[in-house]
Amino acid sequence: MRIDVVTIFPGYFDALELSLLGKAKSRGLIDVRVHDLRDSAHDKHRTVDDTPAGGGAGMVMKPEPWGEALDGILEDADSGAGADPVIIFPSPAGEVFNQRMARELAEEKHLVFGCGRYEGIDQRVFDEYSARGRVRLVSIGDYVLNGGEVASIAMIEAIARLLPGVVGNPESLVEESHEEDGLLEYPSYTKPANWREREVPPILLSGNHAAIAKWRREQSIERTKRVRPELLPRELDEAPRGRHAAP
Ligand code: 6GU
C-alpha cells in the first residue's frame, strides 16, 4: 500500500519508523511518503494560512498550496500504480473512524492524508478533490486535537496492521476488541500465577480449553455491557434498550 501524507509538521511522522510499522516500511509492505505543505507555498514566508473570510478567530489554510501538493501526488499516482487514491482529510467534523473503516481502507492501494491545522482548510479544497475523486472527512473521536497529524498516525497504524504480513501472527488480529463479534476483548494474564497476592483466574491454568473459551466469552460480554453497552449485539442483550417490560 502506498500512503502519502501532506502536513506542515513532517516530524510527527517520524513515529512511523518505530516498531511494527517501521518494520513494515523497511520490508516494503507500506510505502509512506511525507510531504511538507510549505514546499508548495512560494512567497517569501512560505505562507500556508490566512484570516477567515467573513471574519472570526483563528486562521484558515489557503487553497493554493493544497492544490499544488495534492495535484503533484495525484499526477504521480496516475503515472505510477494506476490506483485511484482515497484522499482522507482528518477533521473533528468528519465521519467517525472505526474498525470497519480501517478494514475498508486496508483494501485500497493508495491513501492520501491531508493534515489540516488551525481552524481548518478552505472548503474549496474538499470541493475540488471531491469532484475529481474519492474524498473522506474523518474524525477519530469526539474531542478536539490541534491538527490532523496525530489522527492520521492513529488511522495509518490501524489500517497498516491489517495488511498481510505486517502483524507477525494473523491470529492476533481476529480475537481482539472490535473484530469478529464486536465485543470488547477479555482480560489477559501471564506468569507468575501469583503476583502481590493476586491470582491468575484458576480456570486459565486448568488446561480445559472449552471451559477457558467459555470463560473468556463471558468476560467479554460482561465487560462490554459494563463499559460499552451500545456495542452489545442485540442477541446478547437480555433487556433491549428502548423497550420496556409490560407493566
Ligand atoms: Cl481527525 N482532527 C482534529 N483536529 N481533531 C480531532 C480529530 C481530527 N478527530 C478527533 N478530534
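Residues numbered from 1 in each chain as written. Predicted model: local features only at pLDDT ≥ 70, side-chain atom pairs only at ≥ 80, totals over all residues.

Neighbouring the ligand are 13 residues, the closest being Pro90, Pro92, Ser139, Leu145 and Ala151. Of all elements in the fold, only strand E5 (86-96), strand E7 (134-139) and helix H5 (148-160) reach the threshold of two or more residues within the shell around the ligand. With three residues, E5 is the largest single contributor of residues to the shell around the ligand. Its residues placed into classes, the shell around the ligand shows eight nonpolar, five polar and no charged. (Near = placed C-beta within 6 Å. Helix = DSSP H or I, 4+ residues; strand = E, 2+ residues; numbered from the N terminus. Nonpolar A, V, L, I, M, F, W, Y, C, P; charged D, E, K, R; others polar.)

With that settled, consider the pairing of strand E1 (residues 2-7). When you tally the buried positions in E1, you get five out of six residues, the bulk of the element. Alignment of E1 against strand E2 (residues 31-36), held across six bridges, turns out to be parallel. Bridge assignment links Asp4 to a residue of E2, and that residue is Arg33. Tracing the backbone out of E1, into helix H1 (residues 19-26) and back to the parallel element E2 gives a crossover that is right-handed. Bridge analysis of E1 against strand E6 (residues 110-114) gives five bridges, and the strand direction is parallel. Residue pairing for E6: Arg2 is matched across the bridge by His110. (Buried ≥ 20, exposed ≤ 12 C-beta atoms within 10 Å, placed from the backbone. Pairing = 2+ DSSP bridges. Right-handed = clockwise from strand over helix to strand, strands pointing away.)

Now for the sheet that holds E1. The strands that make up a sheet pair up through hydrogen bonds in the backbone, lying either parallel or antiparallel. One open sheet holds the five strands; their spatial order is E2-E1-E6-E5-E7, and the pairing between them is parallel. Single-partner strands in this sheet number two, and they are E2 and E7. Put simply, the sheet's adjacent strands are angled 30° from each other on average, direction ignored. Sheet analysis places E5 next to E7, joined by seven bridges and oriented parallel. Paired with Pro90 across the strands is Val138, a residue of E7. (Axes fitted to C-alpha atoms, helices over the stretch in contact; angles between N-to-C directions.)

The next subject is the UniProt feature "binding site: S-adenosyl-L-methionine" (unreviewed entry) in the protein. According to UniProt, the positions carrying the feature "binding site: S-adenosyl-L-methionine" (unreviewed entry) are Gly116, Ile140, Gly141, Asp142, Tyr143, Val144 and Leu145. Along the polypeptide, Gly116 turns up in the loop between E6 and helix H4 (123-132). The exposure class of Gly116 is buried, given the 25 C-beta atoms found within 10 Å. Among residues more than four places away in sequence, those in contact with Gly116 are Met61, Phe89, Ser91, Ile121, Gly147 and Gly148. Inspection of the secondary structure assignment puts Ile140 in the loop between E7 and H5. Under the C-beta neighbour-count criterion, Ile140 is labelled buried, with 21 such atoms within 10 Å. When residues no more than four places from it in sequence are discounted, the contact partners of Ile140 are Phe97, Ala151, Ala154 and Met155. (UniProt positions renumbered as here; feature names shortened; annotations may be inferred. Contact = placed C-beta atoms within 7 Å.)

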